[in-house]
Amino acid sequence: MASGSGTKNLDFRRKWDKDEYEKLAEKRLTEEREKKDGKPVQPVKRELLRHRDYKVDLESKLGKTIVITKTTPQSEMGGYYCNVCDCVVKDSINFLDHINGKKHQRNLGMSMRVERSTLDQVKKRFEVNKKKMEEKQKDYDFEERMKELREEVRQWQHCNNST
């Protein structure tokens, strides 16, 4: 048995100089950012995330049978094809996850950041929604509503009388 005194260091683990490797990593990153001209590369400026201006078609292939061979192009294989990313996703839920995901949005040239709304934009949005609610209330027929209320009262009375 070895005792603690008079023995060599039995710690065989490698010791890493963290400061040295941190400097090397920073040096490598700065070299990667510089172009051949010697100018530093500007980070890619992407658009802010925005609403889709098209409807996602999930129902067109529903209930259809497709024969797939070895020579069938990838875009016609089973599942949902994303022409932006050139990939096939097997089901609709994963397809929606993909088109809302970071990789797809980057390929479209957008970042995942959303434009912050100003107070005026929020107020205008509330006004628009309030007008929509008022229009719905105007379209509602008064006589029809009274009939519904009378029926509800009759049902309530019938339930209370039967117990």
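It should be emphasised that the depicted structure is a prediction, and the values quoted were computed from it without experimental measurement.

### Details of the overall build of the protein chain
Then step 1. Along the protein chain, the regular secondary structure elements total 5 helices and 4 strands.
Then step 2. Walking the protein chain from its N terminus toward its C terminus, one meets helices and strands in the order α-β-β-β-α-α-β-α-α.
Then step 3. Relative to its 163 residues, the protein chain shows a buried fraction of 10%.
Then step 4. Partitioning the intrachain contacts of the protein chain with sequence separation of at least 6 by distance along the chain shows that 33% fall at a separation of at least 24.

### Remarks on a nonpolar patch on the surface
Then step 1. On the surface, a cluster of nonpolar side chains totalling about 350 Å² of accessible area is made up of Trp 16, Tyr 21 and Leu 24.
Then step 2. Checked against the element boundaries, Trp 16 lands in the segment before α1 (18-33).
Then step 3. With a relative accessible area of 54%, Trp 16 lands in the exposed category.

### Digging into the packing of aromatic side chains
Then step 1. Per the counting criterion, the structure on display carries 2 aromatic pairs.
Then step 2. Ring plane angle 70° and centroid distance 5.4 Å describe the contact between Trp 16 and Tyr 21, whose orientation is recorded as edge-to-face.
Then step 3. The class for Tyr 21 is partly exposed, based on a relative accessible area of 43%.
Then step 4. With a centroid separation of 5.4 Å and an interplanar angle of 25°, the aromatic rings of Tyr 80 and Phe 95 are classed as stacked. Highlighted residues: Tyr 80 in strand β2 (residues 80-82) and Phe 95 in helix α2 (residues 92-99), separated in sequence by 15 residues.
Then step 5. Looking at Tyr 80, the relative accessible area reads 14%, which means it is buried.
Then step 6. Of the residues examined, Phe 95 reaches a relative accessible area of 9% and is grouped as buried.

### Overview of a negative patch on the surface
Then step 1. A cluster of acidic residues, Asp 17, Asp 19, Glu 20, Glu 22 and Glu 26, forms a negative patch on the protein surface.
Then step 2. Along the polypeptide, Asp 19 turns up in helix α1.

### A few points about the pattern of salt bridges
Then step 1. Tallied over the entire structure, the rule returns 3 salt bridges.
Then step 2. The partner of Glu 47 in a salt bridge is Arg 50, with the nearest N and O atoms 2.5 Å apart.
Then step 3. On the accessibility criterion, Glu 47 (42% relative accessible area) is partly exposed.
Then step 4. Two residues, Glu 151 and Arg 154, come together in a salt bridge whose shortest N-O distance is 3.0 Å. Separated by 3 residues within a single helix, Glu 151 and Arg 154 lie in helix α5 (residues 142-162), roughly one turn from each other.

### Concerning the UniProt feature "domain: U1-type" (unreviewed entry) in the protein chain
Then step 1. The feature "domain: U1-type" (unreviewed entry), as annotated in UniProt, sits at residues 77-111 in this numbering.
Then step 2. Note that residues 77-111 is 40% helix and 23% strand, and that its end C-alpha atoms are spaced 30 Å apart.

### Considering the side chain of Ser 111
Then step 1. By the element assignment, Ser 111 lies in strand β4 (residues 110-114).
Then step 2. Polar contacts involving the side chain of Ser 111 include one to the main-chain amide nitrogen of Arg 113, which spans 3.3 Å.
Then step 3. Setting aside its immediate chain neighbours within four residues, Ser 111 contacts Arg 46, Glu 47, Leu 48 and Leu 49.

### Quick notes on unusual backbone geometry
Then step 1. Phi angles above zero are rare outside glycine, and Asp 86 is one such case at about 55°.
Then step 2. According to the relative accessible area criterion, Asp 86 is partly exposed, its value standing at 46%.

### With respect to the state of the cysteines
Then step 1. Tallied over the entire structure, the rule returns 0 disulfides.
Then step 2. Lacking any disulfide linkage, Cys 82 is separated from the closest cysteine sulfur, that of Cys 85, by 3.9 Å.
Then step 3. No disulfide involves Cys 87; its sulfur sits 4.8 Å from that of Cys 82, the nearest cysteine.
Then step 4. We classify Cys 87 as buried; its relative accessible area is 16%.

Definitions and cut-offs
- Residues numbered from 1 in each chain as written.
- Predicted model: local features only at pLDDT ≥ 70, side-chain atom pairs only at ≥ 80, totals over all residues.
- Heavy atoms only, no water.
- Helix = DSSP H or I, 4+ residues; strand = E, 2+ residues; numbered from the N terminus.
- Buried < 20%, exposed > 50% of the residue type's maximum accessible area, 1.4 Å probe, protein only.
- Contact = heavy atoms within 4.5 Å.
- Patch = residues over 30% accessible without salt bridge, like charges linked within 9 Å, V, L, I, M, F, W, Y side chains within 5 Å.
- Areas by Shrake-Rupley, 256 points an atom, 1.4 Å probe, with all protein chains shown as cover.
- Salt bridge = Lys/Arg side-chain N within 4 Å of Asp/Glu carboxyl O.
- Phe/Tyr/Trp six-rings, centres within 6.5 Å; stacked < 30°, edge-to-face > 60°.
- Lys, Arg positive; Asp, Glu negative; His and termini not counted.
- Charge placed at Lys NZ, Arg CZ, Asp CG, Glu CD.
- UniProt positions renumbered as here; feature names shortened; annotations may be inferred.
- Polar contact = N/O pair within 3.5 Å; in protein donor to acceptor, adjacent residues only side chain to side chain.
- Disulfide = S-S within 2.5 Å.

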